[in-house]
There are 2 protein chains.
Amino acid sequence: MAEIEALRLTDRVKNGLVRMIAEDGLQPGDKLPPSDRLCEQFSVSRTVVREAIASLKAEGRLRSLRGSGVYVSEPPKLTGGSSMFMEAPQDIGDVLDFMEFRMSVEIEAAGLAAERRTETNLLRMEQAMSQFARHLEDNTLATDADRSFHRAIADATNNTRFRLFVDEMGERLIPRRALGAGFSDEKDKSEFLDNIQGEHRRIFDAISDRQADEARAAMRHHLEGGRRRYREWSLAHER
Amino acid sequence: MAEIEALRLTDRVKNGLVRMIAEDGLQPGDKLPPSDRLCEQFSVSRTVVREAIASLKAEGRLRSLRGSGVYVSEPPKLTGGSSMFMEAPQDIGDVLDFMEFRMSVEIEAAGLAAERRTETNLLRMEQAMSQFARHLEDNTLATDADRSFHRAIADATNNTRFRLFVDEMGERLIPRRALGAGFSDEKDKSEFLDNIQGEHRRIFDAISDRQADEARAAMRHHLEGGRRRYREWSLAHER
DNA sequence: TTCTCCAAAGTTGTATGAAAGATTTTGCCA
DNA sequence: TGGCAAAATCTTTCATACAACTTTGGAGAA
């Protein structure tokens, strides 16, 4: 009879990792120390470290890239919304509708953010932008950074509903392909990503300068571009 | 460049395990084959099998007893939490936040409606407006008419998401009082309701004339007024 | 100088052998 | 038959090695 499950090393390391992420203030997209380093830090073998990381990956808190490193990813945010109008889109037309709905929220969020943003809000946006630049080559990590940027704007509205909406939407509407996949030419892709960075910058500047209308216009332009690209992409790839 | 994340062996084994559990009809509490067996079955090393099991443990689908074996555990029950951001508002500040969030959606809905409305849409709006006028004396009926008007606008966007949102929001955010209750003077009240009719009329005209920006401005003004009145009312009645 | 290409170093993924801790089964003896 | 100890089984952990991939920095070319 196993009254008390002896705490396995793997669990100890797992807890140590989440504590380490919290204490060191590691943001989504940041890199963890290499596994060898973690081995000596926790005084365990690599097997244990790897299993702990595998656990955290399964929980969606880490992401690993072969040959590169292990990265912190966006916190999982339990799904489970039941609202009909937040259902995951069913077909391409539905995705476009959803994107349009999203626009309505985020455009206004940008405007409110311009009126209410604090220095801390601006800092988070800047962090997200530089993170985006740092991970241009990796679609999933750039997607994380993109979400961080939009979430920082939602935060700046100082209205919880916007933040909650952006979080929940992220679970359902992530046209991951749209952030870099589907380009046959590498030059086209980097140009496209540069474009997005420019759009983010324009939104950021408007919010920083407290220009609400310009912030709305910039956000509208940004999201309209994404929606247009998705439509073109889906037209080209429909079967 | 990371075109397609090459599927790691661990993920393959993980999928294989869940498929195996399903196909063999393993119930919670049943024991899995020993890891050595799984290794040769999937033709991989123990490392891989162990990481796959670690993942499934993290997801709560397996649990392992040292020295005994690995067992299927109760399937994790889906957290049935509804969409946080659509929760019914808790306090006055929350109501104001929700109203602001609603504004973001309906402002854009008005703009889209102006671009896309059909004659039928306009007819529905007119019906709602005359219904509103006909029932000025009855708060609940006037509220119904008000909802019909906003829903007709959402319909005119030709985007299902807007219609679904307006419907669902109506369930949660009905400042019934704001539509007439709380007036000590009958004259103030009728004046207030005339005001609302005028705002509706302005929105309707803009949509009818396909003036998207004017429709947005009119809707913003309309909802901002409602929100301001609610705030004043709540300040006057706070305990 | 600046750009391109390539090799070396760094990092994760996979394989293998071994040993220790814990549980279950076996088999012997009374 | 009943009890008990050894054997077998299984998970956990450690250590090492190699493969696959990415990043980095420097040598050489334009």
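Just so you know, the residues in each chain are numbered from 1, in the order the chain's sequence is written. Chains and ligands are labelled sequentially in the order written, the chains with letters from A and the ligands with numbers from 1. Only residues with pLDDT of at least 70 get local features here, since the model is predicted, and only at 80 or more are side-chain atom pairs given and counted; chain-wide, interface and lining totals rely on the full set of residues.

Topic: unusual backbone geometry
Consideration 1: Of note in this structure, A:N158 is not a glycine but carries a positive phi near 60°.
Consideration 2: Buried, partly exposed and exposed are defined by the number of other C-beta atoms within 10 Å of a residue's own C-beta, namely 20 or more, between the two limits, and 12 or fewer respectively, with C-beta atoms placed from the backbone. Judged by C-beta crowding, with 16 C-beta atoms within 10 Å, A:N158 ranks as partly exposed.

A few points about the protein's contact with DNA strand C
Consideration 1: The rule is simple: place the C-beta atom from the backbone, and if it lies within 6 Å of a molecule or strand, the residue is near it. The immediate surroundings of DNA strand C are formed by 21 residues, with A:P34, A:S64, B:L9, B:S45 and B:G67 found nearest.
Consideration 2: Strands are runs of DSSP state E lasting at least two residues, helices are runs of H or I lasting at least four, and both sets are numbered from the N terminus onward. Where the surface near DNA strand C is concerned, the elements lending two or more residues are strand 2 (69-72) of chain A together with helix 1 (9-23) and helix 3 (46-58) of chain B.
Consideration 3: The element contributing the most residues to the surface near DNA strand C is helix 3 of chain B, with 3 residues.

Focus: the protein's contact with DNA strand D
Consideration 1: Taken together, 22 residues lie near DNA strand D, and A:R8, A:L9, A:S45, A:G67 and B:S64 sit nearest.
Consideration 2: Every element with two or more residues in the surface near DNA strand D is listed here: helix 1 (9-23) and helix 3 (46-58) of chain A together with strand 2 (69-72) of chain B.
Consideration 3: Top element by residues in the surface near DNA strand D is helix 3 of chain A. It accounts for 3 residues.
Consideration 4: When the residues that make up the surface near DNA strand D are grouped by side-chain class, the tally is 7 nonpolar, 9 polar and 6 charged. In the scheme used here, Gly and all other residues not listed as nonpolar or charged are polar, with Ala, Val, Leu, Ile, Met, Phe, Trp, Tyr, Cys and Pro taken as nonpolar and Asp, Glu, Lys and Arg as charged.

Here we look at helix 3 of chain B
Three- or four-residue spacings in an α-helix give side chains the same orientation, since the helix completes a turn every 3.6 residues.
Consideration 1: Here helix 3 of chain B is 13 residues long and its end C-alpha atoms lie 18 Å apart, about the 18 Å a rise of 1.5 Å per residue gives.
Consideration 2: Taken together, the buried positions of helix 3 of chain B are B:V48, B:V49, B:R50, B:E51, B:A52, B:I53, B:A54, B:S55, B:L56, B:K57 and B:A58.
Consideration 3: The inward-facing, buried residues of helix 3 of chain B abut helix 1 and helix 3 of chain A together with helix 1, helix 2 (35-42), strand 1 (62-65) and strand 2 of chain B. The span expected for a helix works out to 1.5 Å for each residue beyond the first. Note on contacts: residues are paired as contacts if their backbone-placed C-beta atoms lie within 7 Å.

Brief notes about the nonpolar core
Consideration 1: One nonpolar core equals one set of buried Ala, Val, Leu, Ile, Met, Phe, Trp, Tyr and Cys residues connected by C-beta atoms within 7 Å. One finds A:A110, A:I153, A:I207 and B:A110 to be the most contacted residues of the largest nonpolar core, which totals 69 residues.
Consideration 2: Setting aside residues up to four positions removed in sequence, B:A110 forms contacts with B:I153, B:I203, B:I207, B:A215, B:R216, B:A218 and B:M219.
Consideration 3: A:L32, A:A52, A:L62 and B:V70 belong to the second-largest nonpolar core, a separate cluster that totals 28 residues.

A look at the pairing of strand 1 (residues 62-65) of chain A
Looking down a regular strand, the side chains alternate between one sheet face and the other.
Residue and element names in this part refer to chain A.
Consideration 1: Strands were regarded as paired on the criterion that DSSP finds at least two bridges between them. Of the strand pairs in this sheet, strand 1 and strand 2 are connected by 4 bridges, and their pairing is antiparallel. In the strand pairing of strand 2, R63 is matched with Y71.
Consideration 2: Taken together, strand 1 and the strand that follows it, strand 2, pair antiparallel across an intervening segment of 3 residues, in which G67 is found at a positive phi of about 85°.

Regarding the packing of helix 2 of chain B against helix 3 of chain B
The geometry of a pair of packed helices is captured by two quantities: the angle between their axes and the separation between those axes.
Residue and element names in this part refer to chain B.
Consideration 1: Two elements in contact, helix 2 and helix 3, have axes whose closest approach is 9 Å; the angle formed by their N-to-C orientations is 110°. It follows from the interaxial angle that helix 2 and helix 3 lie roughly perpendicular. Of the residues in helix 3, those in contact with S35, L38, C39 and F42 of helix 2 are R46, V49 and R50.
Consideration 2: A breakdown of the residues in the contact of helix 2 with helix 3 according to their chemical character gives 4 nonpolar, 1 polar and 2 charged. As a rule, the C-alpha atoms of each element are fitted with a line to give its axis, helices using only the stretch in contact, and angles between N-to-C directions run from 0 to 180 degrees. Roughly parallel covers angles under 35 degrees, roughly antiparallel covers those over 145, roughly perpendicular covers 65 to 115, and oblique covers all other angles.

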